[in-house]
Structures are given as C-alpha cells and as structure tokens.
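# Structural features, examined
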Amino acid sequence: MNAAPEFQPRAFVPGPDNTRLLRDAFGRFATGVTIVTAASESGPVAITANSFSSVSLDPPLVIWAPDRNSRRFPHFESAEHYAIHVLAADQDALCFATAKNVHALLEHSHHTNAHGVPLIDGCLARFECRRVACHEGGDHLLVLGQVERAVLRDDGDALAFFRGQVRKIDMN
Ligand SMILES: Cc1cc2nc3c(=O)[nH]c(=O)nc-3n(C[C@H](O)[C@H](O)[C@H](O)COP(=O)(O)O)c2cc1C
C-alpha cells in the first residue's frame, strides 16, 4: 500500500476571493529574471520583469507583460523601442533596486543605443527590441517585440524567480 503523500495538492477555481492562491500557483513556474528598459521624457526607465518569454526564431520575437496597475505602465506601453536584459546571479541588487524605483538606472552605469534605449552590461543576454504588436492580457498587456540586436555571455550563473523569491542558481 502506498503511504499517504506528505503534502496534498490544493484544488481551486480561480476567482476574486483567491487571487493570492492563483498568484502562488503561477509562482510555482520557475522563471529567469529580466530588466526591461526604455527611454522616456523623464530619463531612462526600467522595470524588473519575469514575464519575459522567447516566442519565435524566424522572425526573432520575444514577449513580456507590463502590469496595467503599475505606475510605470505608461512608459512601457508607449515605448516603441526597448531592451530586455536577462540578469546574471550577481545582478540581484540591481534587480531589487529596479523593482522599487523606475529611475534606478540613474544610479547605475549604462549606455544607450541609437534609439536612446538604456543598455546595461554584464547580463547573461540582452535583446534590443522593436515593438511589433500589443495584445490584451487582462490586467497585463502582452508586448511582442522583434529582436533587432542581441548579445549573450557564455559564463555566469542565473538569477531565478520561484515561489515569490529571487534566487541565485549555481550551475556547478
Ligand atoms: C522578480 C520580479 C518580477 C516581476 N515581474 C513583473 C512583470 O513581469 N511585469 C510587471 O509589470 N511587473 C513585474 N514586477 C514588478 C515591477 O518590477 C515593479 O516592482 C512594479 O512595477 C512596482 O510598481 P510601480 O511601478 O507602481 O512602482 C516584478 C517584480 C519582481 C521583483
């Protein structure tokens, strides 16, 4: 006879009374962590985001989802050009600073591309994008971008987001 499992899965129908549980269930999907940057009238803007996903190789397409309820949403909804930075494990401080402060890059060294988009060095990968479509996604917006230029590193550990926590992944 099989022993009873230690933890019983919790089943639920998503609704207004259990959004916390749905958020927790979504959080069981381990992701990397990115910083999305754009130019704005008030200077370089950035946001920490784990909603990034690769979509297509040909053409090269990626997606991410800004939250409509975020104060910084208007910057990212209007940005025709932006960059997505896949963070390395040693960039955790920048990850937290950017989650707190849309202008965190003002205190972090960066340079800009021909479209004025702020670029951060030291990431595992970086994708300079042109927005090609936006789709409704409930309380988020789905932003699809074409990758116009990319860089990647062959070394470095990853930063991951799992169960609501940012963690360093040591691949050794
Ligand atoms: C690991 C992590 C992942 C996040 N992913 C997203 C995301 O995909 N989309 C988003 O809009 N905000 C995301 N956020 C929240 C933003 O980084 C930021 O904290 C939020 O926009 C702050 O609210 P404000 O813009 O109203 O100040 C994430 C935050 C963290 C720490």
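Parameters and conventions
- Residues numbered from 1 in each chain as written.
- Predicted model: local features only at pLDDT ≥ 70, side-chain atom pairs only at ≥ 80, totals over all residues.
- Heavy atoms only, no water.
- Pairing = 2+ DSSP bridges.
- Helix = DSSP H or I, 4+ residues; strand = E, 2+ residues; numbered from the N terminus.
- Buried < 20%, exposed > 50% of the residue type's maximum accessible area, 1.4 Å probe, protein only.

- Per an unreviewed UniProt entry, the protein chain goes by Flavin reductase family protein and derives from Thioclava arctica.

### A few points about the pairing of strand 9 (residues 125-137)
- Bridging between strand 6 (residues 81-86) and strand 9 involves 6 bridges; their strand directions are antiparallel. When the bridges of strand 9 are listed, I84 appears paired with F127.
- Relative to strand 10 (residues 140-152), strand 9 runs antiparallel, the two sharing 12 bridges. Along strand 10, the bridge assignment pairs A133 with L144.
- Here strand 9 folds back onto strand 10 in antiparallel fashion, the turn holding 2 residues, of which G138 has a positive phi close to 65°.

### Examining the pairing of strand 2 (residues 34-38)
- The buried count for strand 2 comes to 5 of 5 residues, which makes it a mostly enclosed element.
- Of the two faces of strand 2, the one carrying T34, V36 and A38 and the one carrying I35 and T37 are both buried.
- Two strands pair when backbone bridges link them, and strand 2 and strand 3 (residues 45-49) are joined in this way by 5 bridges, in the antiparallel orientation. Bridging from a neighbouring strand, T37 pairs with A46 of strand 3.
- The antiparallel hairpin formed by strand 2 and strand 3 contains 6 residues in its connecting segment, where G43 sits at a positive phi of about 100°.
- Of the pairings in the sheet, the one linking strand 2 to strand 6 comprises 4 bridges and is antiparallel in character. Opposite T37, over in strand 6, you have A83 as the bridge partner.

### Concerning unusual backbone geometry
- In this model, D58 is joined to P59 through a cis peptide bond whose omega is 0°.
- With respect to the helices and strands, the residue P59 is situated in the loop between strand 4 (53-56) and strand 5 (61-64).
- Residues other than glycine seldom take positive phi values, yet R163 does so here, at roughly 50°.
- Tracing the backbone through its elements, the reader meets R163 in the loop between strand 11 (158-162) and strand 12 (165-169).

### Quick notes on the sheet that holds strand 12
- Pairing within the open sheet is antiparallel, and its 3 strands lie in the order 1-11-12. Both edges of this open sheet fall to strand 1 (31-32) and strand 12, since each of them pairs with a single strand only.
- Strand direction decides the pairing type here: strand 1 and strand 11, joined by 2 bridges, are antiparallel. In the sheet register, T31 faces strand 11, and the bridge partner there is F161.

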